[in-house]
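# Observations on chain architecture
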Amino acid sequence: MSAASCLLTEDQFLCSICLDVFTDPVTIPCGHNFCKTCITEHWNINVQCQCPNCKEVFNTRPQLKVNTFISEMAAQFRQSAQQKASSSSSEQQVSKPGEVPCDVCTGTKLKALKSCLVCLASYCETHLEPHLTTSGLKRHQLIDPVENLEDRMCTKHDKLMELFCKTDQMCVCMLCTVLDHKTHDVVPLKEEYEGKKTELGKREAEIQQMIQKRRLKIQEIKRSVELSKEGADREIADGVQVFTALKESVERRQAELIDTIKEKQRKTEKQAEDFIKELEQEISELKKRSSEVDQLSQSEDHLHLLQSFLSLNAAPPTKDWTEASVRPPSYEGTVRRAVNQLEKTLSKQMKKLLAEVELKRVQQYAVDVTLDPDTANPYLILSDDGKQVYCGDVWKNLPDNPQRFDTVACVLAKQSFSSGRFYYEVQVKGKTEWDLGVARESINRKRIISLSPQYGYWTILLRNKNEYQAAAVRLSLQSEPEKVGVFVDYEEGLVSFYDVDAAALIYSFTGCSFTEKLYPYFSPSINYGGTNSAPLIISPVNHTE
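Report on the accompanying structure. (Residues numbered from 1 in each chain as written. Predicted model: local features only at pLDDT ≥ 70, side-chain atom pairs only at ≥ 80, totals over all residues. Heavy atoms only, no water.)

## Side note on the pattern of salt bridges
One pass over the full model with this rule turns up 21 salt bridges. Two residues, Lys-196 and Glu-192, come together in a salt bridge whose shortest N-O distance is 2.3 Å. With Lys-196 and Glu-192 both in helix H7 (residues 189–297) and four residues apart, the pair spans about one turn of that helix. Among the residues examined, Glu-192 registers a relative accessible area of 9% and is labelled buried. Where Lys-319 meets Glu-278, a salt bridge forms, and the shortest distance between an N and an O atom there is 4.0 Å. Of this pair, Lys-319 sits in the loop between helix H8 (302–313) and helix H9 (334–363) while Glu-278 sits in helix H7, and the two are 41 residues apart along the sequence. Looking at Lys-319, the relative accessible area reads 37%, which means it is partly exposed. Counted as one network, the salt bridges with shared partners bring together Arg-223, Glu-226 and Glu-230. (Salt bridge = Lys/Arg side-chain N within 4 Å of Asp/Glu carboxyl O. Helix = DSSP H or I, 4+ residues; strand = E, 2+ residues; numbered from the N terminus. Buried < 20%, exposed > 50% of the residue type's maximum accessible area, 1.4 Å probe, protein only.)

Take a look at the structure:
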């Protein structure tokens, strides 16, 4: 019997109604087998007595008797299946809290692998086997295990919700489509699922893009904080440098004040010491004479007294001390004068220190600038690297393009700027005339030009060796600059010029309104027979320490 059961397939031991191993199996006249209870209830529901498998109709209900042979075979199969399930259950995972348990397992519930939307039950690996092997069960729709499968049933018609009403945006069963949702736009769940899945994919992509934008914004904010910290550290270092220098200057002036006062006191003490020393010397001489006079007055030798009287009668040589005095030195105004002098020194030193700090700050915006030969006046001679320019004596035959200056000996840079900050330096050593600055793109480049902001030029210039100007403003400089720094803050509307070697501000145009591209502007001026032949040289920026 055991060997024979091994030759039978699992399908032969399952009732096609309950889909489980036969319980009290009976054979009806057509030869098909069912559980006695299953076929009895089936015939009780249906008017005709019909075989569920082959659909043969019986005019009278057949008398049902248990098939003992199949019953024994089913019992052995059930025992074998239980043993198999028992041995495999040890290898399967027991259902944990939060996981879907198998609905068929008794006792210890194993973790479900799949849920059946037809049976409305969840199965572990063992109890899922019929759905994978039995032809009738293979057609059932299996999904990943879910709880509360009854929620997938229509509460109104107790049918599986396998359709989606797009009109009401809800899941419905087949009966709903012919009753409550008769005229609505209804599609299979799978179709709506695919559409919603595509929509979710797009939404996920949008969310990921939003996440990426926010991550970039975080990086931007962090970078801003880093730049702020770098700026704060740099500002603190500059502040410490300035205040340390000012503090040292104050301490130096304080020491000088103390030394001045002490020197006056030392001179007074020296004068007093000299007076006292001289007076004590006279007192000593006078005491000596007093002793001699007293001794002579005690003498009874008439001749001796008279002979000595004349020499002792005259007083020893002494100084008239009537007008002599030691006057305490006057300290009135000493501190005030020292403070006034300190104020002047500090003001001058502070301006110098602040200029150094300011120059150091703007130098961090240094840009690489080269001259544009297409804008150069035909008299100008440019170096191959575009870093130097001077005025020659020969007019070169060049294309008269709209960008070229045809009258004034000047040239623009190739680079233009329409936002932010930029800085560059130009060597002007050895020249008697020059112009430097920036110009807007739309300036007049033909015939005579006027170097003023009104006409789009923000420049300073040198004329007659020592006359410096900024537009119509005459400049008074402490020294003649040999290297000039040019700084522009486009948004701030600022153009500043610096004496790089002296670390001093020469002049600033403020409150400018820039609306066009700005180009660095250079004019070496004419060479005046060689007296102004030195070139303007765009120099690399060596950051001020």
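Alright, that's what it looks like, and here's the rest.
## What about the sheet that holds strand E6 (residues 121–123)?
Strand order in the open sheet made by the three strands is E6-E5-E7, with antiparallel pairing throughout. The open sheet has two edge strands with one neighbour each: E6 and strand E7 (142–143). Strand direction decides the pairing type here: strand E5 (residues 114–116) and E6, joined by three bridges, are antiparallel. Residue pairing across strands places Lys-114 opposite Tyr-123, the latter belonging to E6. Those strands touched by helix H4 (residues 125–133) are E5, E6 and E7, and its axis lies near 110 degrees from that of E6. (Pairing = 2+ DSSP bridges. Contact = heavy atoms within 4.5 Å. Axes fitted to C-alpha atoms, helices over the stretch in contact; angles between N-to-C directions.)

## What about the pairing of strand E15 (residues 434–440)?
The side chains of a regular strand alternate, residue by residue, between the two faces of the sheet. With respect to burial, E15 is a largely interior element, six of its seven residues being buried. With six bridges connecting them, E15 and strand E16 (residues 457–463) associate as antiparallel partners. What sits directly across from Asp-435, in E16, is Leu-461.

## A closer look at the layout of surface pockets
In this structure, the second largest pocket spans a volume of roughly 550 Å³. Take the lining of the second largest pocket: its biggest share by element is four residues, from H7. Considering only residue class, the lining of the second largest pocket consists of nine nonpolar, one polar and six charged. (1 Å grid on protein atoms, 1.4 Å probe; cavity = no way out; pocket = protein on both sides within 12 Å on 5 of 7 lines; lining within 4 Å. Points joined across faces, edges and corners; volume = space filled by probe spheres on them. Nonpolar A, V, L, I, M, F, W, Y, C, P; charged D, E, K, R; others polar.)

## Quick notes on the side chain of Asp-489
Mapped onto the fold, Asp-489 is located in strand E19 (residues 483–489). Residue classification places Asp-489 among the buried positions, given a relative accessible area of 9%. Engagement of the side chain of Asp-489 in a polar contact is seen with the backbone nitrogen of Glu-491, the distance being 3.5 Å. (Polar contact = N/O pair within 3.5 Å; in protein donor to acceptor, adjacent residues only side chain to side chain.)

## Quick look at the environment of Ile-261
Tracing the chain through its elements places Ile-261 in helix H7. Note: C-alpha distance between Ile-261 and Glu-194 (67 residues apart in sequence) is 98 Å.

## A word on H4
Three or more residues of H4 are buried, namely Leu-128, Pro-130 and His-131. The arc enclosing the buried residues of H4, seen along the axis, measures out at 140 degrees, which places them on a common side. The inward-facing, buried residues of H4 abut E5, E6, helix H5 (135–138) and E7. (Arc of directions from axis to C-beta.)

## A word on the packing of aromatic side chains
All chains considered together, the criterion is met by 13 aromatic pairs. With a centroid separation of 5.1 Å and 80 degrees between ring planes, the pair formed by Trp-458 and Phe-514 is classed as edge-to-face. With Trp-458 in strand E16 and Phe-514 in the loop between strand E21 (504–509) and strand E22 (518–523), this pair connects stretches of sequence that are 56 residues apart. Of the two residues, Trp-458 and Phe-514, both sit in the buried class. Against the face of Trp-321 rests Lys-319, its NZ or CZ located 4.6 Å from the ring centre. (Phe/Tyr/Trp six-rings, centres within 6.5 Å; stacked < 30°, edge-to-face > 60°. Lys NZ or Arg CZ within 6 Å of the ring centre and 35° of its normal.)

## Comments concerning unusual backbone geometry
In this structure, Leu-120 is a non-glycine residue whose phi angle is positive, near 55 degrees. In this fold, Leu-120 is placed in the loop between E5 and E6. Judged by relative accessible area, which is 27%, Leu-120 ranks as partly exposed. A positive phi angle, close to 50 degrees, is found at Tyr-528, a residue other than glycine. By the secondary structure assignment, Tyr-528 is in the loop between E22 and strand E23 (536–539). Residue class for Tyr-528 comes out partly exposed when judged on its relative accessible area of 42%.

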